[in-house]
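Okay, here's what each chain looks like letter by letter:
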Amino acid sequence: MLSQLDALESEALSELASLGEVAALELFRVRWIGSNGRLRDAMNELKSVAKELKPAVGKRLNEVKAAIESAFEFKRVALSAAPAGPAIDVTEPGLPAGEGARHILTKTIDEIVSVLGRMGFAVADGPELEDEWHNFNALNIPDGHPARGHHDNFFLGGEVAGKLLLRTQTSTVQIRAMETMAPPLKICAIGRVYRPDTHDATHFSMFHQVEGLCVDRNVSMVDLKTTLVQFAHAFFGPEAEIRLRPSFFPFTEPSAELDMKMKIIKNGVAEWKWIELGGCGMVDPNVFKAVGIDPEVWTGFAFGLGIERVAMRKYGIGDIRLLFENDARFLRQFA
Ligand code: DAH
């Protein structure tokens with residue numbers, strides 16, 4: 001009986017070794033390990049073994065059973081782990097995953113919002129498709145004003161559209177903020193504006209502005225200038241300077257043009273230059289009246305800057321069109 005068990009074991013193990021596919025495993029299991037299998041037959045035969053031999057034969061039978069079962073388990077794992085397709089060389093270097101980065105304009109915008117945020121300006125928002133009230137009348141630009149002509153604005157066509165246009169300035173958000181919030185308020189707004197300009201190195205029909213508005217009691221030109229100086233220092237560094245030149249905007253009185261002395265990079269050389277960045281001034285009483293704020297009680301300052309100008313100067317970009325062409329080779333320089 002013991003030699004029969006040896007033969008049984010080696011037959012089972014060699015049959016198992018010859019199996020090449022997962023599908024054959026089940027047949028093997030039924031034939032050897034299953035409830036009507038060869039191991040069960042051997043156990044049944046144990047009954048007829050002489051009493052004194054039983055312990056030795058029983059022990060050997062258990063060993064054979066354990067050997068076959070563990071070999072079967074080993075084979076099962078080995079066969080199911082085998083790759084289905086052609087082998088892959090996992091040490092082969094892969095294709096580099098292209099890494100994205102923020103667009104240089106987005107970066108500039110994030111920086112501006114962060115500086116203004118630290119200075120206490122909350123972010124306000126308004127639609128790019130505007131009505132004439134918010135883009136003109138409420139900003140003290142009356143009907144018939146030359147700035148409202150069709151050559152200077154993108155009006156929507158058709159009767160239904162009425163007098164809707166793509167906003168030409170983020171000053172519209174001043175009006176929307178004052179219509180919805182009671183003073184005192186301090187907000188900034190960043191967004192796209194649209195003008196029918198012919199595209200060249202310094203003009204594009206869509207660009208971005210940042211607007212600031214502060215309304216409180218006893219706000220003066222000093223507050224405006226201090227705010228702009230702080231902004232320039234935070235954004236361009238402690239050496240940055242600003243200067244205000246008298247100017248005119250319908251929605252501010254007095255009004256000024258804002259120049260910043262900036263380190264600009266030209267042909268790889270850095271130099272400091274006065275650059276015109278936008279306009280500013282004290283909120284005109286007519287604007288307050290348009291939104292129902294009493295100009296006898298409240299005062300305010302406002303400013304509006306072109307973001308492409310800021311970005312182009314700060315990063316030495318000579319052509320505004322580069323910012324909108326999405327040429328990855330250009331954008332990658334600033335990643
Ligand atoms: N909205 C003006 C423009 O687009 C810029 C501007 C000037 C904004 C004076 C202001 C301001 O808030 O006070 O040219």
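Residues numbered from 1 in each chain as written. Predicted model: local features only at pLDDT ≥ 70, side-chain atom pairs only at ≥ 80, totals over all residues. Heavy atoms only, no water.

Draft legend 1. Representation of the nonpolar core within the structure. Formed by 43 residues in total, the largest nonpolar core has its most connected members in I112, L116, F231, M260, F301, F303 and L323. With residues up to four places along the chain from it excluded, the contact list for L323 reads H103, I104, L105, E308, M312, I317 and F330. Core analysis: the second largest hydrophobic core is formed by 24 residues, L139, V173, A177 and V215 among them. (Core = buried A, V, L, I, M, F, W, Y, C linked by side-chain atoms within 4.5 Å. Buried < 20%, exposed > 50% of the residue type's maximum accessible area, 1.4 Å probe, protein only. Contact = heavy atoms within 4.5 Å.)

Draft legend 2. Focus on the environment of Y315. Inspection of the secondary structure assignment puts Y315 in helix α10 (residues 307-315). Classification of Y315 as partly exposed rests on a relative accessible area of 24%. For the pair formed by Y315 and K263, sequence separation is 52 residues and the distance between their alpha carbons is 9.6 Å. A polar atom in the side chain of Y315 sits 3.2 Å from the side chain of E111. (Helix = DSSP H or I, 4+ residues; strand = E, 2+ residues; numbered from the N terminus. Polar contact = N/O pair within 3.5 Å; in protein donor to acceptor, adjacent residues only side chain to side chain.)

Draft legend 3. Structural detail: the domain arrangement of the protein chain. One can read the domain layout of the protein chain as domain 1 (2-81) and domain 2 (104-334). If you average the C-alpha positions of domain 1 and of domain 2, the two centres end up 86 Å apart. (Domains from an automatic or database assignment.)

Draft legend 4. View of the sheet that holds strand β2 (residues 129-131). Across the sheet, which stays open at both edges, the three strands sit in the order β2-β4-β3 with antiparallel pairing between neighbours. The strands lining the two open edges of the sheet, one partner per strand, are β2 and β3 (154-155). As defined by bridge partners, β2 adjoins strand β4 (residues 164-166) across three bridges and the pair is classed as antiparallel. By the bridge assignment for β4, E130 is matched with L165. (Pairing = 2+ DSSP bridges.)

Draft legend 5. Structural context of the packing of helix α1 (residues 2-18) against helix α4 (residues 54-81). It is at 10 Å that the axes of α1 and α4 come closest, and there the two elements cross at 0°. By the angle between their directions, the pair α1 and α4 is classed as roughly parallel. Contacts between α1 and α4 involve L2, L5, D6, L8, E9, A12, L13, L16 and A17 on the former and, on the latter, A56, V57, R60, L61, V64, A67, I68, A71, F72 and K75. (Axes fitted to C-alpha atoms, helices over the stretch in contact; angles between N-to-C directions. Parallel < 35°, antiparallel > 145°, perpendicular 65-115°, else oblique.)

Draft legend 6. Spatial organisation of the environment of G292. For G292, the position within the fold is in the loop between α9 (285-290) and β10 (299-306). Note: C-alpha distance between G292 and I307 (15 residues apart in sequence) is 30 Å.

Draft legend 7. Seen up close, unusual backbone geometry. Looking along the chain, the bond that leaves P183 and enters P184 is cis, with omega of 5°. Position of P184 relative to the elements: it lies in the loop between α7 (172-180) and β5 (185-194). Cis geometry is adopted by the peptide bond preceding P254, which originates at E253 and carries an omega value of -5°. Relative to the helices and strands, P254 resides in strand β8 (residues 252-266). Although it is not a glycine, N140 sits at a positive phi angle of roughly 70°. As for its position among the elements, N140 is in the loop between α6 (132-135) and β3.

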